[in-house]
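Here are the chains, one letter per residue:
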Amino acid sequence: MNETYPQLPPMQTGIRGRCPRCGQGHLFKGFLTLAPKCEACGLDYSFADPADGPAFFVICFACVPSVLLAVWLEVAFGASLLTQVLVTGPFMLLTCIPPLRPLKGWLVASQYFYKAEEGKVVRRQAGT
């Protein structure tokens, strides 16, 4: 395959769960499981390693409103444990689960776009 592909921005492909090279194939085969390769252009997704990146972003940004809601319910109303579970539980699920897939897609597409790879130690020779 010697086709040339345009450089597609990670926000355009990753958020939609599309192949970072062609923008056509699917990036995921499940909710968060990466497909082995693109069914449209054949790009091997083995380069992708978003690790805990999506979970980190969700914890930092989506969990804060959930905790603030729980504290507000406690301080303002003295909410019981059952109320906390029934109100903040669904709120937490709705703010934490949906962003995981778009964030993971964006991170994988960014790795492809910026040609990210594992860091290597470069040692200089003495005297240079």
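Residues numbered from 1 in each chain as written. Predicted model: local features only at pLDDT ≥ 70, side-chain atom pairs only at ≥ 80, totals over all residues. Heavy atoms only, no water.

A. Molecular detail of the pattern of salt bridges. Scanning the model with the defined rule gives one salt bridge in all. A salt bridge links Lys120 to Glu117; its shortest N-O distance comes to 3.3 Å. You can call Lys120 exposed: its relative accessible area is 63%. (Salt bridge = Lys/Arg side-chain N within 4 Å of Asp/Glu carboxyl O. Buried < 20%, exposed > 50% of the residue type's maximum accessible area, 1.4 Å probe, protein only.)

B. Highlighting the packing of helix α2 (residues 53-77) against helix α3 (residues 81-96). Interaxial distance between α2 and α3 falls to 9 Å at its minimum, and their mutual angle equals 165°. By the angle class used here, α2 and α3 are roughly antiparallel. Crossing handedness for the pair α2 and α3: right-handed. Of α3, the residues touching α2 (which contributes Val58, Ala62, Cys63, Pro65, Ser66, Leu69, Ala70, Leu73 and Glu74) are Gln84, Val87, Thr88, Phe91, Met92, Thr95 and Cys96. Grouping the amino acids of the contact of α2 with α3 by side-chain chemistry returns 11 nonpolar, four polar and one charged. (Axes fitted to C-alpha atoms, helices over the stretch in contact; angles between N-to-C directions. Helix = DSSP H or I, 4+ residues; strand = E, 2+ residues; numbered from the N terminus. Parallel < 35°, antiparallel > 145°, perpendicular 65-115°, else oblique. Left-handed = near helix turned anticlockwise from the far one by under 90°. Contact = heavy atoms within 4.5 Å. Nonpolar A, V, L, I, M, F, W, Y, C, P; charged D, E, K, R; others polar.)

In short, shape yes, function no, at least from these values alone.
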